[in-house]
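A look at the structure
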There are 2 protein chains.
Amino acid sequence: MGFVRGGFVLFILLCSFEMSIGSGKTRHFKWDVEYMFWSPDCKENVVMGINGEFPGPTIRAKAGDTISVVVSNKLHTEGVVIHWHGIRQMGTPWADGTASISQCAINPGETFDYRFVVDKPGTYFYHGHFGMQRSAGLYGSLIVDVADGDQREPFHYDGEFNMLLSDWWHQSVHHQEVGLSSKPFRWIGEPQTLLINGRGQFNCSLAAHFSNTSSPNQCNLRGTEQCAPQILRVLPNKTYRLRIASTTALASLNLAVGGHKMVVVEADGNYVQPFQVEDIDIYSGESYSVLIRTNQEASKNYWILIGVRGRRPQTPQALTLLNYAPTSASKIPLSPPPITPTWNDYDHSKSFSNKILALMGSRKPPRNHDRRIILLNTQNLIDGFIKWSINNISLHLPSTPYLGSIKYSLKTAFDNKSPPENFATDYDVMKPPVNPNTTTGNGVYMLPLNTTVDVILQNANALAANVSEIHPWHLHGHDFWVLGYGEGKFTKEDEKKFNLKNPPLRNTAVIFPYGWTALRFVTDNPGVWAFHCHIEPHLHMGMGVIFAEGVQHVNGIPNQALACGLTGNRFMKTTQN
Amino acid sequence: MGFVRGGFVLFILLCSFEMSIGSGKTRHFKWDVEYMFWSPDCKENVVMGINGEFPGPTIRAKAGDTISVVVSNKLHTEGVVIHWHGIRQMGTPWADGTASISQCAINPGETFDYRFVVDKPGTYFYHGHFGMQRSAGLYGSLIVDVADGDQREPFHYDGEFNMLLSDWWHQSVHHQEVGLSSKPFRWIGEPQTLLINGRGQFNCSLAAHFSNTSSPNQCNLRGTEQCAPQILRVLPNKTYRLRIASTTALASLNLAVGGHKMVVVEADGNYVQPFQVEDIDIYSGESYSVLIRTNQEASKNYWILIGVRGRRPQTPQALTLLNYAPTSASKIPLSPPPITPTWNDYDHSKSFSNKILALMGSRKPPRNHDRRIILLNTQNLIDGFIKWSINNISLHLPSTPYLGSIKYSLKTAFDNKSPPENFATDYDVMKPPVNPNTTTGNGVYMLPLNTTVDVILQNANALAANVSEIHPWHLHGHDFWVLGYGEGKFTKEDEKKFNLKNPPLRNTAVIFPYGWTALRFVTDNPGVWAFHCHIEPHLHMGMGVIFAEGVQHVNGIPNQALACGLTGNRFMKTTQN
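Each value, and the rule that gives it
Residues numbered from 1 in each chain as written. Chains lettered and ligands numbered in written order. Predicted model: local features only at pLDDT ≥ 70, side-chain atom pairs only at ≥ 80, totals over all residues. Heavy atoms only, no water. Helix = DSSP H or I, 4+ residues; strand = E, 2+ residues; numbered from the N terminus. Rg over C-alpha atoms; globule rule 2.2 N^0.38 Å. Buried < 20%, exposed > 50% of the residue type's maximum accessible area, 1.4 Å probe, protein only. Contact = heavy atoms within 4.5 Å. Areas by Shrake-Rupley, 256 points an atom, 1.4 Å probe, with all protein chains shown as cover. Least-squares fit on C-alpha atoms with pLDDT ≥ 70 in both. Pairing = 2+ DSSP bridges. Axes fitted to C-alpha atoms, helices over the stretch in contact; angles between N-to-C directions. UniProt positions renumbered as here; feature names shortened; annotations may be inferred. Disulfide = S-S within 2.5 Å. Buried area = accessible area lost by both parts, 1.4 Å probe. Salt bridge = Lys/Arg side-chain N within 4 Å of Asp/Glu carboxyl O. Polar contact = N/O pair within 3.5 Å; in protein donor to acceptor, adjacent residues only side chain to side chain. Nonpolar A, V, L, I, M, F, W, Y, C, P; charged D, E, K, R; others polar. Arc of directions from axis to C-beta. Domains from an automatic or database assignment.

**With respect to the overall build of chain A**
Within chain A, the secondary structure is distributed over six helices and 34 strands. For a compact globule of 577 residues, the expected C-alpha radius of gyration is about 25 Å, and chain A comes in at 24 Å, within 12% of that figure. Each of the three principal axes of chain A carries a C-alpha extent, and together these read 80 × 75 × 50 Å. Looking at the 577 residues of chain A, the share that counts as buried comes to 62%. For chain A, restricting intrachain contacts to residue pairs at least 6 apart in sequence, the fraction spanning at least 24 positions comes to 79%. Of the roughly 22000 Å² of accessible surface on chain A, 54% is carried by carbon and sulfur atoms.

Set out below in structure tokens:
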């Protein structure tokens, strides 16, 4: 009896140990990643799916929960990793899911247990972070609700919908990758189709009959097709939360709901001071929650649409319907979908970005920075190959994950020279580079723990004259405060305009053409963290940097995460040799 | 001075150590494997190339040389291995280049040094052995000449040409793989084009003007195109050696040289008793040397052609020219190319196979066998997925290479139950399986060292009635004697017909529809050796078995070859844990 009681106590202890990582429960998932035939836009293609689904399954958890996703790589020859976008991985940097940075890619036939705490409610997503596997379709939603017993969200809603936005190409990512690495360079071009929750229409449009031209055809979907739009069915006079995240490979998007205003309440898992807009701009890597009030005529349905921004659109809007119950879901609105703002109306974009401010009472940034790193974004050439460079270094990831090579001081694993903290003062950001040549590199910005770092992202002219593009930069392991956006070359004077009062916390921030964006974060999370343009082909072409902070404090890296490259060679001890 | 002299002696010792693996010199190669745009058949596609070439570079060495190929994996997300087809890897089983069997696949960004001795002159080739990377174009030639000072070849020739044969699909292998693993099953279909040294014509034919139909068009090639045929330029009244190897993914081929007879002198790196034929059948995985005498009218050119055998052809013949100097290479022959024997004229095929006998004085097989393994080849279903099975087990390779898991007795790495040595006596090989269900497995035939093993490959009816296909079986690590071919189900009586007098040594042997093939080999090479159908999609569908022999005697496996799966986990010793 005493033994049984003792066993019971032990059981409790083990459970609480299990639970001690997060304050909530552990949620277990088993995922098989594989290629499959799928028709995201009514045209069949090969798509990277999870457990036979595209997009992958939605993870739903509560703040404080521990997530355990045992990922089995069922691909035949490709490695795979999954990045949990927006999750900071406090204490679990090896679970960040970045190949060559936080871990070795999971080999075909092997499994890896991603185990991490979701500590903050919000709208997140996950995606592949190896080669261009995100573009191949490896993504899904991750929604974190407030913990039981915690205070409720600072806004009310009656129901919610999840909208994961992406873009889709008919050409395989393998083909795309070869083009990007070829001389002459072959750009991937604009996407064939925009997808909402993995569904779009390439062969037809829901709104074709409003068009003056004969193409595309009016959709004749039964609703059961893989490409049939998910219709948002609502009750009149209610408030709905739309959780919107963009995992596009390339496209900057604008989303609107015909006849309905939107109140933005969350950005990248952080509450913002609510503000009302007609439409939102959303860049790859960002997420928003918006509230809509179903206060329009209930006998009608309304368009929900996304369209391309920031690049001359060659991709039709994606459409679905806001369907008021009990109106039939097949009732098409009487007027055409709203028109997406002109692609190069950057004032519209900037106006939206500048409205995003932290909810009153949010954590404020430190007043001063300990270090400022200025990162010039340029398009360059290496031996005729087109690259993106940051302070004239185009990132080429090493084969040994940084987390292991830095932890174990394997000095030959990457460039030991620290990359530049600034760029030449006489560089003219308004013109193509005078000397377009650049070099590849994989050096690391080593950041001491518990310091305040400012990053100024400086945009510039690309290789061609009068071209400067939008780049959404995403930081792993952190949220940062967005202190401000500006035009032209950043100067010391611009610092005075920094918003230190209520800057929003984000994990992704855009740089506008020819502009700069100022970010601040505190190095409070030991690990190695990628910071990169979230446009996947741009990252593939070198547009990123690596931050390492307090790696000596990282303990518990799973062996499997380091069983490749130099760490693999160094720590493999067989008895034979 | 004494120190210097001592250093010199040490240097000599080190060199001789270096050389001691083989008796010849060490030949060093550095290869980058990557995808690239290429037009093997005049239609651009993505091809797996080596150092920017397709097919990969030809290796030329002398018997006794050590080959060192440092393979760098420049693919973005795929692992890679290279198998040296026909090289027995005596003492270097980790260099056999079979993923999951002899080594972990080389990770993207990493390199692996394949170092092995080529101990026997002959016509060989190399190719990818992971997923379907061979079909993606990862192959090239490996020619071993007689060693300096060794006796000359048992035949004379004035010049030689190398012809590596393959087949080509326009659909990517990634797409093909998904189809093969899908329900409903999608077969890859017949190849679009046959290639000679990586060159074929999809859009045109050299002999189109002989055709009654309008398609294809007459080729209008300048000769500099990637798809332009390599023309064999010869002098009159000479003897030429054609080294012919087939690395097709699927197609069985027939090769002929218009107006010229061929004398077969070598098969799979072994001399055969010379015999004369009008054409040769060649199956995937095989190689031949044939001699031709340029004794025809020198003012003409002559067709060299390959066509499909064993499957209803939907692929045009591949053509090139035998061009007699000084006749212009652009002079097309006056008559159409010879017609390839009817695809299902198996008597023709068998007649050719039965002519292949060992050159007099060749090594003879042991008179008796110690063990006989009978392998029934069937097409089956698993949960509706189509598979190939051997004794009702469809091979599914484990994630840990057998060479490591057997050496270190990691019992959970694969099925420990030995696979069956025979099949049910009442199985009717002439009919579709009564119960088509099968199971996947990865058990191993454990073979004690220095025993004589007979393998009887037993063909059968596939899933559909009246269908039985040709399968060329290839053994790694060994040559085997082909003791005979027979019809129907093998019986004890058939043993009496075995050729023990002059059976040819091969590494690949075909089973004909509804027939059996008897092989014998001696387990004299410690290692783990795949034995499988060389049709790549068939292997992908499970058509293979694994032999392990004397693995306890294997020493010196490079750590990198085992840095994955359970061996990776077991031998990774980081200081942190």
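**Some remarks on the relation of the copies chain A and chain B**
Note on the copies: chain A fits chain B at an RMSD of 0.0 Å, the axial shift is 0.0 Å, and the rotation between them is 180 degrees. Such a combination of rotation and displacement between the chain copies is what one expects of a two-fold axis. Most of the interface of chain A is mirrored in chain B, where 100% of its interface residues are also at the interface.

**With respect to the sheet that holds strand β33 (residues 527-533) of chain B**
All names here are of chain B. The five strands are arranged β26-β34-β33-β28-β31 in an open sheet whose pairing can be described as mixed. On the outer flanks of this sheet lie β26 (445-447) and β31 (508-511), each paired with one strand and no other. On average, each strand axis in the sheet is tilted by 20 degrees relative to the strand beside it, whichever way the strands run. In this sheet, β33 lies alongside strand β28 (residues 471-475) in antiparallel orientation, the contact comprising three bridges.

**Considerations on unusual backbone geometry**
The omega angle of the peptide bond from K183 of chain A to P184 of chain A is 0 degrees, so this bond is cis rather than trans. Structurally, P184 of chain A is set in the loop between α2 (173-180) and β10 (193-196). With a phi close to 55 degrees, D268 of chain B is a non-glycine residue in the positive phi region. Within the secondary structure, D268 of chain B is located in the loop between β16 (262-267) and β17 (270-277). Given the relative accessible area of 1%, D268 of chain B is considered buried.

**Some details on the UniProt feature "domain: Plastocyanin-like" (unreviewed entry) in chain A**
Following the UniProt record, the feature "domain: Plastocyanin-like" (unreviewed entry) maps to residues 33-145, 162-325 and 431-550 of chain A here. Between the first and last C-alpha atoms of residues 431-550 of chain A the distance is 38 Å; the span itself is 4% helix and 44% strand.

**Overview of the state of the cysteines**
Residue and element names in this part refer to chain A. Inspection of the entire model under this criterion finds six disulfides over all chains. The disulfide bridge from C42 ends at C227, spanning 2.1 Å between sulfur atoms. Handedness here is read from the sign of the S-S torsion; for C42 and C227, about 90 degrees, the answer is right-handed. A residue pair is termed long-range when its members are at least 10 positions apart, and C42 in the loop between β1 (26-38) and β2 (45-50) and C227 in the loop between β12 (217-218) and β13 (232-234) qualify at 185 residues. Note on C42: relative accessible area 24%, which makes it partly exposed. A sulfur-sulfur distance of 2.2 Å marks the disulfide that ties C204 to C219.

**With respect to the sheet that holds strand β14 (residues 239-246) of chain A**
Residue and element names in this part refer to chain A. With mixed pairing, six strands are arranged side by side in an open sheet as β10-β9-β14-β19-β16-β17. Edge strands, defined here as strands with exactly one partner in the open sheet, are β10 and β17 (270-277). Each strand of the sheet is rotated relative to its neighbour by a mean of 25 degrees, with strand direction disregarded. Of the pairings in the sheet, the one linking β14 to strand β19 (residues 287-293) comprises seven bridges and is antiparallel in character. Paired with I244 across the strands is Y288, a residue of β19. Across the sheet, helix α3 (residues 346-355) lies against β16 (262-267), β17 and β19, angled at about 135 degrees from β17, the strand it touches most.

**With respect to the interface of chain A and chain B**
With 48 residues of chain A at the interface, the matching set in chain B holds 48 residues. Interface area for chain A against chain B, summed over the two sides, is near 4100 Å², with a carbon-plus-sulfur share of 56%. At the boundary of chain A and chain B, one finds two salt bridges. E44 of chain B is paired through a salt bridge with R186 of chain A; the nearest N and O atoms lie 2.6 Å apart. Applying the counting rule to chain A against chain B returns 11 residue pairs in polar contact (both at pLDDT 80 or more). Where the side of chain A that touches chain B is concerned, the elements lending two or more residues are β1, α2 and α6 (565-571) of chain A. Class assignment of the residues belonging to the side of chain A that touches chain B gives a composition of 15 nonpolar, 26 polar and seven charged.

**Details of the pattern of salt bridges**
This structure, assessed with the given rule, holds 60 salt bridges over all chains. As a salt-bridge pair, K300 of chain B and E297 of chain B come within 3.7 Å of each other at their nearest N and O atoms. Classification of E297 of chain B as partly exposed rests on a relative accessible area of 45%. Connected via shared salt-bridge partners are R372, D454, K492, E495 and R520 of chain A.

**Structural notes on the side chain of T315 of chain A**
All names here are of chain A. With respect to the helices and strands, T315 occurs in the loop between β20 (301-309) and β21 (318-324). You can call T315 buried: its relative accessible area is 8%. Side-chain polar atoms of T315 contact the backbone oxygen of P191, separated by 2.7 Å. When residues no more than four places from it in sequence are discounted, the contact partners of T315 are E190, P191, Q192, T193, L194 and V308.

**Comments concerning helix α3 (residues 346-355) of chain B**
Looking at α3 of chain B, one finds that the buried residues are Y346, S349, K350, F352 and S353 of chain B. For α3 of chain B, the buried positions fall inside an angular range of 160 degrees around the axis, keeping them on one side.

**Considering helix α2 (residues 173-180) of chain B**
The α-helix winds at 3.6 residues per turn, so residues separated by three or four positions along the chain end up facing the same way. A large share of α2 of chain B lies buried, amounting to seven of its eight residues. For α2 of chain B, the full list of buried residues reads V173, H174, Q176, E177, V178, G179 and L180 of chain B.

**Points about the side chain of H260 of chain A**
Residue and element names in this part refer to chain A. Checked against the element boundaries, H260 lands in the loop between β15 (252-257) and β16. Side-chain polar atoms of H260 contact the backbone oxygen of G258, separated by 2.8 Å. With sequence-adjacent residues up to four places away left out, H260 is seen in contact with E278, R293, T294, N295, Q296, Y302, L322 and Y324.

**Quick word on the domain arrangement of chain A**
Residue and element names in this part refer to chain A. Examined at the domain level, chain A breaks down into domain 1 (16-145), domain 2 (159-355) and domain 3 (371-568). Listed per partner, the contact involves 35 residues of domain 1 and 42 residues of domain 2. Interface of domain 1 and domain 2: buried area, both sides summed, is about 2800 Å²; carbon and sulfur atoms make up 54% of it. Summed over the three residues of domain 1 that lose the most area to domain 2, namely D41, T123 and M132, the buried surface amounts to 23% of that side. Viewed at the interface, domain 2 and domain 1 are joined by two salt bridges. Note that E160 is salt-bridged to R60, the shortest N-O span being 2.9 Å.

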